[in-house]
Structure formats: C-alpha cells, structure tokens
Amino acid sequence: MLLFALLTACDGGEPLACDTMAAYSTTLTIVDADGADIPDVAVTYAVDGVEVGACDAFGGTWSCGVEVAGLFAITAGAPGFADQTVEVDVAQGECHVVGELVELTLEPLDCTAEAVAGIAVSLTGSGGETLDTPIVQYRDAMIDDTAWVDCSGSGEGWTCAEELTGTFDVRGTASGHTEVFDLVIVALDEAGCHPVTESVALVVEWLPD
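Because the structure is predicted, anything quoted here is derived from the model rather than measured.

**Points about the overall build of the protein**
Along the backbone of the protein there are zero helices and 18 strands. Its C-alpha atoms give the protein a radius of gyration of 28 Å, clearly above 17 Å, the size a compact globule of 209 residues would have. Along the three orthogonal principal directions, the C-alpha set of the protein runs to about 105 × 40 × 30 Å. Residues classed as buried in the protein amount to 33% of the 209 residues present. Sequence-distant contacts in the protein: of pairs separated by 6 or more residues, those separated by 24 or more amount to 60%.

And the structure:
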C-alpha cells in the first residue's frame, strides 16, 4: 500500500502528493578515454565538505547520497588511472532531491619507463664466506612445474621478477652449498604502475664433506 505525504505548494495551491520512494542524489557512469568500462573502480564522496564514504555500486554505475541535497565532491579512482574529483550541486525539490547524472572519464597514469624489480634478494653464506658460482632464480608459485627464471645480479645482490606481481618461489644456492627457498608475494603499488619490491634474505650452508 502506497503512503503519501501531503505537502502544501508554496503558492498556496492544491496540496502536492509525494510518493515515499527515496531518490539518489547523484548517479555516475565511469569509463576510460575509449569509453570502455574500468575494473576495480572505487568511488567516494563528500557533501558540503564533510566526508561521507563509498558510493553504492550497481554493475557499471555508482550512486552517491540518498535524498541528500548540497555540494557533492565525488572522487573516483582505479589501478592504473589517475584519481578524478567532480563537484555536483544537488538541489532539493518539492518532494525529492533533484538527482544529477554525471559521466566521468578517467585518464591513465603517466607511469615512468623505469623498470622496477618485484624481488630483491641477498644471497650469503652462513659463515660469511665468499660464494663460488652463486645462483638465484624465481618462478610463478601459482603454476605447477613452471620453469625457473634466472635473476639478475652477482655476489650478494640480486633482482628478480622485473615489473611482475604475484606469488613467487625464490631459490638460491652456490657451489658446495645447500639450496634454500622462500615464498614471496609481490603487490602492485598504489598508483597501479609498478610492483612494490619485496626483500628476501637467503642464507646457504656448506654441504657435508
């Protein structure tokens, strides 16, 4: 059963019948420069300078504020894209807020061409000895029997998984020494450009005589 709120019109005319359905203040579509949808978009908003929180997602659109009037500042961002903020002034109507429709186009981040290693490895002997023929390698830990890949470096300092993120096995050894392993999880940085380099310390032991 529908309920009605009777409001008197400002000009003293007939009462206005308002339904009880709540209206969103703003509704957004968010695309890239080619008009395509963007995955993992996060949208937050503030009203009249007060932070409110996340907008509601509806499979490709986002709605912010329910029956709230005022100056909205809506910020959208996604991995690999620059954050964008838009201001929308939402007016109060006779029954509901006057909902505003907004389309945001996010621009890709201008990531530098500098390559970043996912893993930095130090390989040392347990007794502080100089290692002969050291080897450091990595592989994707989420794929069975994937091939080992040589890391770059020499002596104690090595780098692996250039511009890669994910879960990796790392191993190190040297002539006459044991083989040691570690499991490393490499995340993407907040800008969505490069991996966050994880440091690993591998210490090998002399093999029994």
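**Comments concerning the sheet that holds strand β11 (residues 117-125)**
Strand order in the open sheet formed by four strands is β14-β15-β11-β18, and the pairing between neighbours is mixed. Every interior strand has two partners, whereas the edge strands, β14 (152-154) and β18 (198-204), have only one. Taken over all neighbouring pairs, the strand axes of this sheet differ in orientation by 20 degrees on average, direction set aside. Pairing of β11 with β18 involves seven bridges; the strand directions are parallel. Within the sheet, the bridge partner assigned to Ile119 lies in β18 and is Glu198.

**Some thoughts on the pattern of salt bridges**
Summed over all chains, the structure comprises two salt bridges. In this structure, the salt-bridge partner of Arg139 is Asp169, at a minimum N-O distance of 3.4 Å. Linking Arg139 in strand β12 (residues 135-140) with Asp169 in strand β16 (residues 166-173), this pair joins segments that are 30 residues apart in sequence. Judged by its relative accessible area of 23%, Arg139 is partly exposed. A salt bridge links Arg171 to Glu179, with the shortest nitrogen-to-oxygen separation between them at 3.5 Å.

**With respect to the pairing of strand β8 (residues 70-77)**
Where strand β4 (residues 42-47) meets β8, six bridges bridge the pair, whose relative direction is antiparallel. Counterpart to Thr44 in the pairing with β8 is Thr75. Two elements, β8 and strand β9 (residues 84-90), share seven bridges in a ladder whose sense is antiparallel. Bridged to Ala76 within β9 is Gln84. Hairpin connection between β8 and β9: a loop of six residues separates the two successive antiparallel strands, and Gly80 in this loop has a positive phi of roughly 90 degrees.

**Side note on the packing of aromatic side chains**
Each aromatic ring pair is specified by the distance between its two centres and by the angle formed by the two planes. Using the criterion set out here, one finds four aromatic pairs in the structure. Between Tyr45 and Phe72, the ring centres sit 5.7 Å apart and the planes meet at 10 degrees, which makes this aromatic pair stacked. Within this pair, whereas Tyr45 is found in strand β4, its partner Phe72 is found in strand β8, the two being separated by 27 residues in sequence. The pair formed by Tyr45 and Phe72 is uniform in burial state, with each residue classed as buried. Centroid distance Tyr138 to Phe168: 5.9 Å. Interplanar angle 75 degrees. Geometry classified as edge-to-face. With Tyr138 in strand β12 and Phe168 in strand β16, the pair connects residues that are 30 residues apart, well separated along the chain.

**A look at a nonpolar patch on the surface**
Together, Tyr24, Phe58 and Val66 line one region of the surface with nonpolar side chains, adding up to about 260 Å² of accessible area. On the secondary structure map, Phe58 appears in the loop between β6 (56-57) and β7 (61-66). Relative accessible area serves as the criterion here: at 44%, Phe58 is assigned to the partly exposed category.

**Describing the side chain of Asp169**
Since its relative accessible area comes to 18%, Asp169 is described here as buried. In contact with Asp169, not counting residues within four places along its chain, are Gln137, Tyr138, Arg139, Ala141, Trp148, Asp182 and Leu183.

Thresholds, definitions, all that
Residues numbered from 1 in each chain as written. Predicted model: local features only at pLDDT ≥ 70, side-chain atom pairs only at ≥ 80, totals over all residues. Heavy atoms only, no water. Helix = DSSP H or I, 4+ residues; strand = E, 2+ residues; numbered from the N terminus. Rg over C-alpha atoms; globule rule 2.2 N^0.38 Å. Buried < 20%, exposed > 50% of the residue type's maximum accessible area, 1.4 Å probe, protein only. Contact = heavy atoms within 4.5 Å. Pairing = 2+ DSSP bridges. Axes fitted to C-alpha atoms, helices over the stretch in contact; angles between N-to-C directions. Salt bridge = Lys/Arg side-chain N within 4 Å of Asp/Glu carboxyl O. Phe/Tyr/Trp six-rings, centres within 6.5 Å; stacked < 30°, edge-to-face > 60°. Patch = residues over 30% accessible without salt bridge, like charges linked within 9 Å, V, L, I, M, F, W, Y side chains within 5 Å. Areas by Shrake-Rupley, 256 points an atom, 1.4 Å probe, with all protein chains shown as cover.

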